[in-house]
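# Structural description and commentary
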Amino acid sequence: MKAIPLILACLFCAAALDAASPPPKPNIIVILADDLGYGDLGCYGHPTIRTPHLDRMAAEGMRFTDFYSAAEVCTPSRAALLTGRYPIRSGMAHNQFRVLRTRSTGHLPAEEITLPELLRPAGYTTGMVGKWHLGVWYFNPDGHPRRHGFDMFLGVPHSNDMDPTAGAPKGASGRPDPNPAWWSVPLYRNEELAARPADQTQLTRLYTEEALKFIRDHKRQPFFLYFAHTFPHVPLFASAQFRGSSRRGLYGDVVEEIDSSVGQILETLRREGLAGNTLVFFTSDNGPWLIMNQQGGSAGLLREGKGSTWEGGLRVPAIAWWPGRIKAGVVNTNLMSMLDLFPTAVKLAGAELPRGRIIDGCDQSAALLDSARSPRRSMFYYRGTRLYAVRKDQWKLHLLTQKGYGQSQPDAHEPPLLFDLNADPGEHFNLSTNHPAVVASLLEEIEAHRATIVPVPSQLESLRQDNGVASK
Ligand code: MG
């Protein structure tokens, strides 16, 4: 007779505990392609590259039309993604080459607080596979991803066109031939050298297998996975399964292999019962490397590509996926940036933003989970050490324009150029004389932004051998 009250009491306690326990922290996966252009995916209009898995990801989630990487080249873009700050604040826009090279002594400064460093104390296991490009660790171990918050790392320190083996035969362009034997990009597992040269035809497959293992190994605890693909950065390599598969040639083969990799990640999340509690965000570090001709991608209707401050250099594909939380099939036209991933992930994880420093990202969690919510970001600055342009609403004002990859000095504009990106996404028609009030208002915003730029000397000191001259 005493059993019934006891059972009722237990049920009551269990219900009370359930109501009191916080919701589970979501897993967070960021997948970053390298040099993938705005026009390179099926769901962004490419006619011959087949990307069924990314197209399905967009159909089940949210696709962004006005999403910006934080820089027009690799290193500063990645620094911004992991810190939520314009790279001038961390010193990672100051390299004379704009990207770190194999002999660069600089690296992401220890003073910077990265996303995995914030998520770890919130209970997250953190892992990275792929291309780091925020410092090499041959000269200083502080350049390694494991010194910046990652529990696990499998990948390469820099771009796959760096460090070609001495004596490799030169092709017609003067660059070493695109043959795996002639590239000595090293593959590391944590701090240990796993292969040199890495067999680049196998990199996408290796990264994917490691990512799937990481997901399965940590499925019972919250995890953060940063999956930074080596491709479609040149030189291009695809595995035998994908080589020759695309009507777009080798570039298409490479993108289709990345698409397959994304499909395997999402399918594993579904199969492991993690889809309803995992945010996956796919994007690219900068626009397509157009000077590589057929080896480079497409910015679609946008002007120019990688290395340029025209739209094609920074506006990139972006897709968010979280079944049951992000509404399916939404096309989001709000202004957003890679900078925003940092505070958004921090909010979703229930972690705290660092104090005492400027975070340039905006928390977009409300916009992800409720597409009717108003946009959080009103301004975006196109900048390295110098400020090139600014966007507010549909208006983009160019003070300087880096016209293309490798231009030594940007073109200066006086008066500045003004484009209406809603009516003219290809930036063909300068409207500055038609809208002087818009120009004046944007110049005021720029002055307010410039007042916030104070490079920290100790951070820049670690980059002294690579520094150019800082300029607001
Ligand atoms: Mg890149």
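Scoring rules and cut-offs
- Residues numbered from 1 in each chain as written.
- Predicted model: local features only at pLDDT ≥ 70, side-chain atom pairs only at ≥ 80, totals over all residues.
- Heavy atoms only, no water.
- Donors = N, O, S within 2.8 Å, 3.2 Å for Na, K, Ca; no water.
- Tetrahedral: all angles 85-135°; square planar, octahedral: opposite > 155°, others 65-115°.
- Helix = DSSP H or I, 4+ residues; strand = E, 2+ residues; numbered from the N terminus.
- Buried < 20%, exposed > 50% of the residue type's maximum accessible area, 1.4 Å probe, protein only.
- Contact = heavy atoms within 4.5 Å.
- Core = buried A, V, L, I, M, F, W, Y, C linked by side-chain atoms within 4.5 Å.
- Pairing = 2+ DSSP bridges.
- Axes fitted to C-alpha atoms, helices over the stretch in contact; angles between N-to-C directions.
- Phe/Tyr/Trp six-rings, centres within 6.5 Å; stacked < 30°, edge-to-face > 60°.
- Lys NZ or Arg CZ within 6 Å of the ring centre and 35° of its normal.
- pLDDT = per-residue confidence, 0-100.
- Salt bridge = Lys/Arg side-chain N within 4 Å of Asp/Glu carboxyl O.

Moving on, we get to the coordination of the magnesium ion. Within the protein, the magnesium ion binds to Asp34 (OD), Asp35 (OD), Cys74 (SG), Asp285 (OD), Asp285 (OD) and Asn286 (OD1); these donor distances fall in the range 2.1 to 2.7 Å. Geometry at the magnesium ion is irregular, judged from the six donor atoms that bind it and their angles of 52 to 158° at the metal. For the magnesium ion, the single-chain donor residues occur in sequence as D-D-x38-C-x210-D-N. With Asp35 in the loop between β1 (27–33) and α2 (52–60) and Asp285 in the loop between β9 (278–284) and α8 (311–314), this residue pair connects regions lying 250 residues apart in the sequence. Accessibility assignment for this pair places Asp35 and Asp285 in one class, buried.

With respect to the helices and strands, the residue Gly312 is situated in helix α8. Put simply, Gly312 and Tyr68 are 244 residues apart on the chain and 9.8 Å apart in space, counted from C-alpha to C-alpha. Excluding residues that lie within four positions of it along the chain, Gly312 makes contacts with Gly287, Pro288, Ala299, Leu302, Arg303, Glu304, Gly305 and Lys306.

What follows is about the nonpolar core. Among the nonpolar cores identified, the biggest contains 52 residues, and Ile29, Leu41, Met57, Leu269 and Phe282 are the most heavily contacted of them. Of all elements in the fold, only β1, α2, β5 (152–156), α6 (203–217), β8 (223–228), α7 (249–271), β9 and β10 (318–321) reach the threshold of two or more residues within this core. With eight residues, the single largest contributor to this core is α7. Beyond its immediate sequence surroundings of up to four residues, Leu269 is in contact with Ile29, Ile215, Phe223, Leu274, Ala275, Thr278, Val280 and Trp321. Core analysis: the next-biggest nonpolar cluster, separate from the first, contains 47 residues, Phe153, Leu279, Phe281 and Ala320 among them.

With that out of the way, let us pick up the sheet that holds β9. Working definition: the strands of a sheet are paired by backbone hydrogen bonds and lie parallel or antiparallel to each other. An order of β7-β6-β5-β4-β8-β1-β9-β10-β2-β11 is seen for the 10 strands of this open sheet, with the pairing classed as mixed. Looking along the sheet, the strands with just one partner apiece sit at the ends: β7 (192–195) and β11 (330–332). Here the average twist between neighbouring strands, direction ignored, is 15°. Note: strand β2 (residues 62–64) against β11, three bridges, orientation parallel.

A two-sided burial pattern is seen for β10, the buried positions comprising Ala318 and Ala320 on one face and Ile319 and Trp321 on the other. Two elements, β2 and β10, share two bridges in a ladder whose sense is antiparallel. Along β10, the bridge assignment pairs Met62 with Ala320. Sheet topology note: the β9/β10 ladder contains four bridges and is antiparallel. Bridging from a neighbouring strand, Phe281 pairs with Ala320 of β10.

In this section: the sheet that holds strand β13 (residues 379–383). Here four strands make up an open sheet; going across it, the order is β13-β14-β15-β16 and the pairing antiparallel. Each edge of the sheet is formed by a strand with only one pairing partner; in this case those strands are β13 and β16 (411–420). Each strand axis lies, on average, 15° off the axis of its neighbour in the sheet, ignoring direction. As judged from the six bridges shared by strand β15 (residues 395–401) and β16, these two strands associate in the antiparallel manner. Within β16, the residue paired with Lys396 across the bridge is Phe419.

The next point concerns the packing of aromatic side chains. Note on aromatic pairs: each is described by the distance of the centres and the angle between the planes. Counted according to the given criterion, the structure contains 19 aromatic pairs. Ring geometry for Trp137 against Tyr188: centres 5.1 Å apart, planes inclined by 85°, an arrangement best described as edge-to-face. Residue Trp137 is located in the loop between β4 (125–131) and β5, and its partner Tyr188 is located in strand β6 (residues 187–189); the two are separated by 51 residues in the primary sequence. Each member of the pair, Trp137 together with Tyr188, is buried. With centroids separated by 6.4 Å and ring planes inclined at 65°, the aromatic side chains of Phe231 and Phe237 adopt a geometry described as edge-to-face. Across the pair, exposure class does not vary: Phe231 and Phe237 are buried alike. A connected cluster of aromatic rings, assembled from ring pairs, spans Tyr68, Tyr86, Phe380, Tyr381 and Tyr382. Above the ring of Tyr44, the side-chain terminus of Arg63 is found at 4.7 Å from the ring centroid.

Let's shift gears to the confidence of the model for the chain. Averaged over every residue, the pLDDT of the chain is 88; residues scoring 70 or more account for 85%. Segment residues 464–472 is flagged for pLDDT under 50; beyond a separation of four residues in sequence, or across chains, it makes 24 contacts in the model.

With 10 of 10 residues buried, helix α3 (residues 74–83) is to be regarded as a mostly interior element. When we look at burial in α3, the residues that qualify are Cys74, Thr75, Pro76, Ser77, Arg78, Ala79, Ala80, Leu81, Leu82 and Thr83. Of the surrounding secondary structure, the elements contacted by the buried residues of α3 are β1, α4 (87–90), α5 (115–119), β4, β8 and α9 (341–348).

Turning our eyes to something else, we now look at the pattern of salt bridges. A complete count under the given rule lists 28 salt bridges for this structure. Residue Glu311 is joined to Arg315 by a salt bridge in which the shortest nitrogen-to-oxygen separation is 3.0 Å. Arg315 shares its class with Glu311; the two are buried. Linked through salt bridges whose partners overlap, the residues forming this network are Asp66, Glu311, Arg315, Arg391, Lys396 and Glu427.

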